[in-house]
Amino acid sequence: MQLPEHPDFLWDDPEPKASYDVVIVGGGGHGLATAYYLAKVHGIRNVAVLEKGWLAGGNMARNTTIIRSNYLWDESSGIYEHSLKLWEGLEEDLGYPILFDQRGVLNLAHSLQDVRDSVRRVNANRLNGIDAEWVDPQGVKEICPIVNVSPDVRYPVLGATYQPRAGIAKHDYVAWGYARAAHAMGVDLIQNCEVTGLETAGGRITAVETSRGRIAAGRVGLCAAGHSSVLAAMVGLRLPLASHPLQALVSELLEPVHPTVVMSNAVHVYVSQAHKGELVMGAGIDSYNGYGQRGSFHIIEQQMAAALELFPVFARAHLLRTWAGIVDVSPDASPIVGLTPVGGLYLNCGWGTGGFKATPGVGDCFAHTIAHDKPHPFNEPFTLERFTTGALVDEHGAAAVAH
Amino acid sequence: MNFRTPTGGTIDRNTLLHFTFNGEGFTGHSGDTLASALLAHGVHEIGSSVKFGRPRGIVAAGSEDPTSLVQIETPFPEPMLLATTVELYEGLEARGLAGQGRLASISDPARYDAKHEHCDVLVVGAGPAGLVAALTAARSGARVVLVDEQNQAGGALLGVDEYLDDRPSASWVADIVAELKSTPGVLVLERTTAFGMYQDGFVLALQKRTDHLGFAAPASVARQRVWRIRTKQTVLTTGAHERPVVFPDNDRPGIMLASAARTFLHRYGVLVGSRAVVFTTNDSAYCAAINLAESGVDVPLIVDARPEAPARLATECAARGIEVRAGQVVTGTEGEGRVTGVHVAGATVACDTLLVSGGWNPVVSLFSQARGKLRYDAELGAFVPGEELGSVRVAGSATGELDLASCVRQGREAGSAAVVAAGFSSRGQVPLPVSDSRCTSRSGLVLWRVPGDEDTSFVDLQRDATVSDVLRATGAGLRSLEHIKRYTTIGTAHDQGKTSGMIAAGIVAEALGVEPADQRPTTFRPPYTSVSFAALAGRDRGALHDPVRVTAIHPWHVAHGALFENVGQWKRPWYYPQPGEDLHTAVLRECRAARSGVAMMDGSTLGKIDVQGSDAGKFLDMLYTNMMSTLKVGRIRYGVMCGVDGMVIDDGTVIRVGEERYLVTTTTGNAAKILDWMEEWLQTEWPHLDVHCTSVTDHWATIPLVGPKSRDVLAAVAPDLDVSNEAFEFMTWRDTQVAGVPARVCRISFSGELAYEINVTAWHGLAVWETLMAAGAPFGITPYGTETMHVLRAEKGYPIIGQETDATVTPHDLGMSWAVSKKKPDFIGKRSFARAENQRADRKQLVGLLPVDPSVLLPEGAQIISSDHLPEPPVRMLGHVTSSYPSAALGRTFALALVRSGHSRIGETLYVPVSDALVPVTVTDSVLYDKEGTRRDG
Amino acid sequence: MQLIPCPWCGPREEAEFHYGGQAHVAYPSDPSALSDEEWAQYVFFRDNPSGPFAERWSHSAGCRRWFNAVRDTRTHDLLAVYRVGEPMPEVAS
Ligand SMILES: Cc1cc2nc3c(=O)[nH]c(=O)nc-3n(C[C@H](O)[C@H](O)[C@H](O)COP(=O)(O)OP(=O)(O)OC[C@H]3O[C@@H](n4cnc5c(N)ncnc54)[C@H](O)[C@@H]3O)c2cc1C
Ligand SMILES: [Zn+2]
């Protein structure tokens, strides 16, 4: 298929003003969406998004675009389903062809315990009003005929959870849609502007230091994904995060063979076929902390081996390009979104390997949090304090599903 | 028509190869590529473009070609290869593509593998600079690897008619290759592309070993091999790619790079057309014009965009009847399909070929992957290596130097510097050849595009991206090349922008009124050329992909019809169906045997760790929630381990073998993790403790013998052992002989029945198992699998870590406060029990569930709610069913579940939504069978 | 894939190693004396700098020893390795 045309105008490149009501640090999907909802929902338009590189050039430009809301715990389903509902109207809302495609996501189960965990998640999802099905191997084959469901492989497919409303979107277009719409409402998108310091007075944020000078700010929202710890450290705030490389890759363009999205945690691979026809794949994180936007190649090799176990027909597809992002992994695989001990400074981080899908949802909730100085009900459970009280939202323990 | 020259090239004219393209039969020669063989028949049109469906031809002669995409159908379908890199073989069937390939629907029978290679100096690219670098390094005794993607060395020399030191360049090349190949410690790899450059001298290269053999490829030889090269020093002599100039209708077949035409002529003996116009911005294309003219091609015109043509070359052209027009450009072309004419200065010049040269782009992909910074060279109009990189040197035209003398000099310098850096002394000077070439100067004009219809001025021929796309992008406010690349898709096709990327950057700079030097080039990402998935997977496939572990007794299980469950890496018998039995009937039978007679299972997969040392007790006291140091020698204790967060991570029995020795068992799936866990604490936190841990899982075969009759069976096979309850108490162990071999028998029970766990060395496992089967036969001994084990333990309320727990469950939640020491000042996880969340009364706790209808089996993973009707979502859930079985002993179904405030809900009725119904269940204690524990003593 | 210089075995492929996060985070001598905040810091919070980082590795497919390293998380370059118990060496960042 052909990609739709982009609009003739996206955004301009303003000089930063001396001061803004709200400064968003990080022009990735989350930062742009937050700015958009601040302007649109809360009427706060004296907003700048500060991006150290090119707009949405971080994880937003690097992710594998899987969107789903079938998380285990109520807290997670709340925010991810809120997000999915926003995705369903986003193309119209932004007036941008974001190629949101609800082609469904299969999460494969390869062991009896995987099956139990999967069924548990499906049941929880349904009671939370999220579309979810448990499908047997034959059902997997019907949804995605190229999956090898033979019982004679190392990790046979024993079934899968299926969320029909899940799918993919085109990441750049999503970011650009938000950026364009935010810009149109008066938000300043300032690129090549790295925040190097956070200024506080009397326990309140007052300004940000940047590579383009000091910018005063009434409120500051951090949306720096992999760099969140570095920013938080500027006000002495320590976060329970580790920044890891996460790699992904694409093949050349191929005739359609893969109608849905398949994820398998046990064999560590997930695949979809993007609109133009390339296979898009990812795997697990590289083990070590790293800000280098590069990972180790053996991860890719392992991922290929895993992919071929599941999809023997991929043998002669070709790897065209690999890359890595920096993901901020939290101990319970859930995000941290909310207030900080510093007045007027708000935190949105810890989305790790799975925050693309949350872009509209967290943009909306984080904007609410900043506007009201109070968390939105959907992000209320995702406080920093939960690591002290123990009220974690542990999304890897039970279902161990990344992305 | 035949476009093959009568002589010349490195093809073997004595072999005739038959192939088809788009269904039509052709012939070619050994040494041809698919592209050269097609061009020899005058076929230029290969495929069509992905967006507009415009015909696409052949632009370059090598892997940088943006257009000649084909699908190979034989011997096995492979998508998206370039006709210019497919070596011809007998029986090849190919067809042109419209930008998308097709995967085979059957699996690939070929083998792939990987090989590790360590060397002192790796040279990438066997052109003149690379050959001199490699030879320099080789002569000083270093281990040298030279890789090149072509099937023969020579690089740029393969495409020219140059003489080096007064002899054909091929002969110079052959001499060097011969010396390299005969030097010990030197490896020359042809058809091998270095595609990725990583840290610490790690370079990945793909070798195509049998592709060129087609049907004749031996099945036993890996088709492709990934070389994992670890080198101390690297010399990149990766050359330069010619780049085109963009002008209206620049995409017609028959329009190709001037250097490609030379390569087709000199290497393959193929004329790319009958009448060729040349459009250039620099000297190098003059040689193409002269060579073609000398070979009988009508070359009416060279259009040189520079204000002045080079005098000497112009004179040579005039002598051959080639008109040279300086200060002019090609403003368009015409033709249905292949080009039939070019527009110059308002007039149309008829031709069937247009050769274009817009200058040269050094191949800096690997340098950039190695994190080398690039610098824009304004004279060249291209990015060149901009800094010295420690162990990576660049030489030859990859640096932007285009004349042979500089290239080979750089090659020698780099080769010599590399060996010295690798610790060798550079010995002797490799003599540098002198070329007779006429066209090597780099004085060119940097010209990105000729103004004109922007909609048909193609920047990326593969992505159908035009100048107007670039201008729309800049017009939309985009400044960063990364944004523009994404907006236009330029450089994202299979060629990754090898010929288009620089031009796009140039056009953007022009549009924005900045210098290309002011822009950050887009990042070069591995791989340099595409690599098949299968090659990367290598041998990590099928049975070799995470090999399975089986126990010593496994063959017996297979022979007796067991179905298996994957647990961790192990294959464990799941159940042993008899004819006509399904899971439930088999399991009910197996359970009945265990509760009323005798049954046994293969428990060898259980993790076992031998913990020794004078501080072993102290150490285990820290790891387990309960006390292990007080355990008496000869006795056994069950223990639970938590993470620092207080959540259960594993459980198992601990045997005190001696004063300073314990044997710890873990769950099957966690054996390795728990050993790691122990070693981590010992080495990083408590190195002062005298404790040593050794995994002994595989040393032992472990057979739980279960049931009221187990004592009789054990007595029969262990004559030395007093099996009476008094002499051999519960939670003790004895060393004795079982079935005539040394054995350790533990009186433990995971079923609540009288039971013994018999441990013998794995070597004897199968024999002991068979002896037990025979000894138990009179009692109807029944082998059982993991499913029955699960049912038996569930009836007793024993949790399975990973099934009843999910990293959010504490020992207290499991009702195991009794296993949490109150005396110990500390153990791992203890502090976390005091956190607010752990104190909540409404934590999820392990309970039993009895469906009110005793025949209803709850699905495992079902959720639990409190109301007897289903409210609108979101529905408040109280917990979930962790285990659920029909029970022979209870004569009904039952389940275990984690339920909010579960311990205080005993007796309550809750509801389990199953499909559209709500199943009422009664909450009970988690122990449902023999609560008093009367059965364990037999 | 990097080469990691195990202080016991010498340089080996990264794939032989297991990562252990920040080094020099000692198990508290008396956890019960800590506040919930302090305990949470120990359990969940780790430094995550962009730059030199003292961290733990174990040569899990080799000698199975744990050791410490200082690595620049921006480049992934290993600046120093040292044995458990040894002080963190000075490194130029
Ligand atoms: C390979 C890969 C695959 C993934 N796949 C999926 C997937 O399939 N589904 C899914 O849901 N999620 C996925 N993710 C995760 C997802 O991409 C992230 O969670 C999400 O993009 C994070 O939010 P963001 O878009 O705002 O981050 P980013 O796009 O990373 O934005 C953060 C921005 O902050 C900027 N910044 C940082 N520090 C500063 C500073 N000091 N000053 C100014 N600016 C600064 C950065 O340059 C960056 O642009 C994937 C991630 C990766 C890397
Ligand atoms: Zn070691």
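Residues numbered from 1 in each chain as written. Chains lettered and ligands numbered in written order. Predicted model: local features only at pLDDT ≥ 70, side-chain atom pairs only at ≥ 80, totals over all residues. Heavy atoms only, no water.

## Structural notes on the site of ligand 1
All names here are of chain A.
Now for step 1: Near ligand 1 lie 39 residues; those nearest to it are E51, M60, T64, G355 and K357.
Now for step 2: Contact distances for ligand 1 include 2.8 Å between an oxygen atom and a backbone N or O atom of G355.
Now for step 3: In this structure, an oxygen atom belonging to ligand 1 sits 2.9 Å away from a main-chain N or O atom of F356.
Now for step 4: Burial of ligand 1 by the protein amounts to 97% of the accessible area it has alone, namely 1,000 Å².
Now for step 5: Among the elements of the structure, helix 1 (29–42), strand 12 (242–253) and strand 16 (318–329) are those that each provide at least two residues to the shell around ligand 1.
Now for step 6: When its residues are assigned to classes, the shell around ligand 1 shows 16 nonpolar, 18 polar and five charged. (Near = heavy atom within 4 Å. Polar contact = N/O pair within 3.5 Å; in protein donor to acceptor, adjacent residues only side chain to side chain. Areas by Shrake-Rupley, 256 points an atom, 1.4 Å probe, with all protein chains shown as cover. Helix = DSSP H or I, 4+ residues; strand = E, 2+ residues; numbered from the N terminus. Nonpolar A, V, L, I, M, F, W, Y, C, P; charged D, E, K, R; others polar.)

## A look at the confidence of the model for chain C
When pLDDT drops low, the exact placement of atoms in the prediction is not to be read closely.
Now for step 1: Mean pLDDT over chain C works out to 95, with 98% of the residues at or above the 70 mark.
Now for step 2: Note on the complex model: pTM 0.97, ipTM 0.98. (pLDDT = per-residue confidence, 0-100.)

## Focus on the pattern of salt bridges
Residues and elements named next belong to chain B.
Now for step 1: This structure, assessed with the given rule, holds 70 salt bridges over all chains.
Now for step 2: Note that D283 and R306 form a salt bridge whose closest N and O atoms lie 2.8 Å from each other. Taken as a pair, D283 in the loop between strand 18 (275–280) and helix 5 (284–294) and R306 in the loop between strand 19 (298–304) and helix 6 (311–319) lie far apart in primary sequence, 23 residues in all. Neither residue differs from the other here; D283 and R306 are each classed as buried.
Now for step 3: Salt-bridge contacts for R936 lead to D937; the nearest nitrogen and oxygen are separated by 3.5 Å.
Now for step 4: For D937, a relative accessible area of 24% corresponds to the partly exposed category. (Salt bridge = Lys/Arg side-chain N within 4 Å of Asp/Glu carboxyl O. Buried < 20%, exposed > 50% of the residue type's maximum accessible area, 1.4 Å probe, protein only.)

## So, the packing of helix 1 of chain A against helix 5 (residues 171–184) of chain A
All names here are of chain A.
Now for step 1: Two elements in contact, helix 1 and helix 5, have axes separated by 9 Å at closest approach and are oriented at 35°. In this structure, helix 1 crosses over helix 5, and the sense of that crossing is left-handed. Within the contact between the two elements, helix 1 uses L32, A33, Y36 and Y37 and helix 5 uses A175, Y178, A179, A181 and A182.
Now for step 2: Among the residues forming the contact of helix 1 with helix 5, the class breakdown is nine nonpolar, no polar and no charged. (Axes fitted to C-alpha atoms, helices over the stretch in contact; angles between N-to-C directions. Left-handed = near helix turned anticlockwise from the far one by under 90°. Contact = heavy atoms within 4.5 Å.)

## Topic: helix 9 (residues 467–475) of chain B
Residue and element names in this part refer to chain B.
Now for step 1: Listed as buried for helix 9 are V467, S468, D469, V470, A473 and T474.
Now for step 2: On its buried face, helix 9 is in contact with strand 29 (458–460), strand 30 (465–466), helix 10 (481–488) and helix 11 (501–512).
Now for step 3: Positive backbone phi, at 105°, marks G477, one or two positions downstream of helix 9.

## Focus: the interface of chain A and chain C
Reports of interface size often rely on the accessible area that becomes lost once the parts have come together.
Now for step 1: Each partner contributes residues to the interface: chain A has 24 residues there, and chain C has 22 residues.
Now for step 2: For the pair chain A and chain C, the summed buried area comes to about 2,000 Å², and 54% of that belongs to carbon and sulfur atoms.
Now for step 3: Seen at the junction of chain A and chain C, the total is one salt bridge.
Now for step 4: Among the salt bridges present, the one from R238(A) reaches D47(C), with a minimum N-O distance of 2.9 Å.
Now for step 5: On the surface where chain A and chain C come into contact, there are 12 residue pairs in polar contact (both at pLDDT 80 or more).
Now for step 6: Counting residues per element, the ones that place at least two in the side of chain A that touches chain C are helix 6 (228–233), strand 12, helix 7 (297–310) and helix 9 (386–389) of chain A.
Now for step 7: With three residues, strand 12 of chain A is the largest single contributor of residues to the side of chain A that touches chain C.
Now for step 8: When the residues that make up the side of chain A that touches chain C are grouped by side-chain class, the tally is 13 nonpolar, nine polar and two charged. (Buried area = accessible area lost by both parts, 1.4 Å probe.)

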